[in-house]
Amino acid sequence: MRGCGACTQPSEVSETAVASWLVCGTGGSPLEAASQNVVSVGGHGPVHEACHECSFLVFLLPFFLSLPLFFFTFFFFFFSLVSKLTSLGQLEMTWRSRVHFHPLLVRVLYKSRLRYYGKPEKKLDMPYQAYFEVADSSGMMSMVLWNSLCPEWYNSMKVGTVLLLEQYAIKTSYPFKTQPTPGDSQMKRFATIEISLNVRDPPTKISIIPEDMVKPEWGLPEVKYRFITRSELDNLPNNHSCDVIGLVTFVGRAERARKREHGEDFWLYRWAHAIDGTSDQPFILELFATSQPDVFEHIHPMTYLVCTQMRVVRDLTENPSSTIYLTTSNESQIFITGWHKGQPYTKDTKVKNFIQWTKTQSEADQMKKTVIGGYYPFPRPPNNFLKYCKNNKVESVLKAIGEMEKEIEDLHYREHKRIAVQGIISAIRYISSSNAAEEASGAELVQVQCLRINAIALKHDIPETEETGRTRDSWQSDLWAQVKDKLMKYLHHSTIFPESIPRKFDYVHKDLLMQQYNLYAAVHQPKETRTDKNINEFKSASGLGYYEVTVLGINHDVAIDVAFLPLFCPEDPHLFQLEDIQHDTLLSRMSCISGCQQKATSNGRRHDMFPLSSETDEIVKAAMDLDGKHVVCILDICHLGDDKVEVFLSKIYKTVEPGVLESV
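Residues numbered from 1 in each chain as written. Predicted model: local features only at pLDDT ≥ 70, side-chain atom pairs only at ≥ 80, totals over all residues. Heavy atoms only, no water.

- In the annotation of an unreviewed UniProt entry, the chain is listed under the name RPA1 related single stranded DNA binding protein, X-linked and assigned to Bubo bubo.

Here it is as structure tokens:
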């Protein structure tokens, strides 16, 4: 027994009437279907008179009637609610005068990452929150999922999902919430209020409507996107919102950064490159975790990657030609091969064009360009140190070398930090790996030799120690020769670890490579790896060696050895963006000589004896130009697990006059 909606008289509706309404697909509700002209078919009860297909009910009704009662109950209540729905536009106009609200039928257009807002002093079982943007024919409004409803519903509420909402609350909108950029610029946004879904006050009822049951007459908007190609990216302004699709050629290791300087909460992120065939340049993507761990942890080269609601990051004020990249927003979603089926973007024209392009490509040719993991120094520090400090407090940016030990001790697992230290470049050593040793033992940097850079005589004297297989000679300043034996503290952090080296991607062993460059599991989860291959056995994608640079403290009592890793990939010259260090004379010279060495090796020439040349002369000249001068060194530090901490030199600024620093 239930009121028909048009009056308060109770009406009897049989299960057969509901089945008839479902099959005929007429408008209105089951109650309206029951009150219309019906005829009896095969003695099974009323069937809609006007529908020519109703004769099939002779066969269909026994099936419908054999279904469980809850099936009919669900559809009965859902379709009876359709005639009583309210719209988002009506809600905004009437919400202050109402306590209870009519049901809403909306489509999810955007969803945010899941947010944890728990605090030690507050005892909440599940302090989670997630924002959604939902829409109907009248416009778009924010919807908030609270607490225990998050683990229950968050993953089910996908972009494109149609929801029936009952017993929800309406609250004024949070003013500082991020807003996605609608794919439909004409869509009206209701920004004054938001829909609140919680387990109490009141207890919300949520129903997901299957897409094949959604009727066009409901007027629910389709999900629209703002896909761009790589060729279009260069003309877009900073902070522009867009969606992209591409073939992944590089994915970096997962790293963490603190949300606040001294806080214990971290952002999880990784870098990736993707190409779409419209430019020789890749999309450079900064991908923060989007509450999609099954996707985030399985991004690998040669997968098709879709990223939505990305933001353009560029700085035209300093260098119009500086590298442009995209970063995720709070409403971004990422998808890889295996997750695309059924997604609304598969209908987009630019997505279809990309798929057509991939069919013209040689898989073997693309595989040659693929790289995974390792140190990735991007974005490079700006050319001006004052600009580097612009968004940071100087006291939290500029550190003394003596403070580096505590900075390193305070690092958490996979935490990455960029630190500025003041000092004097005092020594440079080039360490080159041997291809022969690499191929024989499968180990990086086992047999190495040192290139002597003598700033005065430029002699070819290269003595080698028997213990380590390294030459221990180097260029050093006169000051370093005087003070190196009198230091109070000497920190050695120039070691290159296997996790620091970008590797050529091997699809056969992709699971091992992904495991290597993701975070360790919080709980031990033993896996069958199907291979005994060691990470060192995968070919390095970077240069054939690295530099050890000694930085002396300005008081000449402490020093630190750090590494500079020249990154150059002959198969993909755009991978490491070498043009971004062209204003840094010393580092660009060191990168150039390593790049030339790797090119020679890839062409079949030996590199076990690396001769002095005009390039090395330039390194010496650049080093001598800094002899005895105070500089600011930008260091990238990252905790790799256990007791392994990498410290890489990323940028050098020299002091021109008091208070003014410029790139070397």
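Here we look at helix H16 (residues 510–517)
Then comes step 1: Turning to H16, its buried residues number three or more, namely Leu512, Leu513, Met514, Gln516 and Tyr517.
Then comes step 2: The inward-facing, buried residues of H16 contact strand S15 (266–275), strand S20 (371–372) and strand S26 (503–504). (Buried < 20%, exposed > 50% of the residue type's maximum accessible area, 1.4 Å probe, protein only. Helix = DSSP H or I, 4+ residues; strand = E, 2+ residues; numbered from the N terminus. Contact = heavy atoms within 4.5 Å.)

Examining a positive patch on the surface
Then comes step 1: A cluster of like positive charges, contributed by Arg115, Lys119, Lys122, Lys259 and Arg260, occupies part of the molecular surface.
Then comes step 2: Topologically, lysine 122 is positioned in the loop between strand S6 (115–116) and strand S7 (128–136).
Then comes step 3: Judged by relative accessible area, lysine 122 falls into the exposed class, the value being 52%. (Patch = residues over 30% accessible without salt bridge, like charges linked within 9 Å, V, L, I, M, F, W, Y side chains within 5 Å. Areas by Shrake-Rupley, 256 points an atom, 1.4 Å probe, with all protein chains shown as cover. Salt bridge = Lys/Arg side-chain N within 4 Å of Asp/Glu carboxyl O. Lys, Arg positive; Asp, Glu negative; His and termini not counted. Charge placed at Lys NZ, Arg CZ, Asp CG, Glu CD.)

Concerning helix H9 (residues 349–358)
Owing to its 3.6 residues per turn, the α-helix aligns residues three or four sequence positions apart on the same side.
Then comes step 1: Along H9, the residues classified as buried are Val351, Phe354, Trp357 and Thr358. All buried residues of H9 lie within an arc of 115° about the axis, which places them on one face of the element.
Then comes step 2: The opening residue of H9 is aspartate 348, an N-cap whose side-chain oxygen sits 2.9 Å from the backbone nitrogen of lysine 350. (Arc of directions from axis to C-beta. Polar contact = N/O pair within 3.5 Å; in protein donor to acceptor, adjacent residues only side chain to side chain.)

Remarks on the pairing of strand S17 (residues 304–313)
Then comes step 1: Most of S17 sits inside the fold, with 8 of its 10 residues counted as buried.
Then comes step 2: The sheet contact formed by strand S13 (residues 241–251) and S17 spans 6 bridges and is antiparallel. The residue of S17 that forms the bridge with valine 244 is cysteine 307.
Then comes step 3: Sheet analysis places S17 next to strand S19 (residues 334–335), joined by 2 bridges and oriented antiparallel. Across the sheet, residue valine 306 finds its bridge partner in S19, namely phenylalanine 335.
Then comes step 4: Examined bridge by bridge, S17 and strand S18 (residues 325–328) share 4 bridges and lie antiparallel to one another. Across the sheet, methionine 310 pairs through a bridge with threonine 328, a residue of S18. (Pairing = 2+ DSSP bridges.)

Observations regarding the pairing of strand S9 (residues 162–166)
Then comes step 1: With 5 of 5 residues buried, S9 is to be regarded as a mostly interior element.
Then comes step 2: Judged by which residues are buried, S9 turns out to be covered on both faces: Val162, Leu164 and Glu166 on one side and Leu163 and Leu165 on the other are all buried.
Then comes step 3: For strand S5 (residues 104–111) and S9, the ladder comprises 4 bridges, and the chain directions are antiparallel. Residue pairing for S9: arginine 107 is matched across the bridge by valine 162.

Digging into the pattern of salt bridges
Then comes step 1: According to the stated counting rule, one finds 21 salt bridges in the structure shown.
Then comes step 2: Put simply, aspartate 511 and lysine 510 hold a salt bridge, and the shortest N to O gap is 3.7 Å.
Then comes step 3: Lysine 654 is paired through a salt bridge with aspartate 625; the nearest N and O atoms lie 3.8 Å apart. Remark: aspartate 625 occurs in helix H18 (residues 614–625) and lysine 654 occurs in strand S30 (residues 644–657); sequence separation between them is 29 residues.
Then comes step 4: Given a relative accessible area of 19%, lysine 654 falls into the buried group.
Then comes step 5: Judged by its relative accessible area of 39%, aspartate 625 falls in the partly exposed class.
Then comes step 6: Each of Arg107, Glu211 and Glu222 takes part in one network of salt bridges that share partners.

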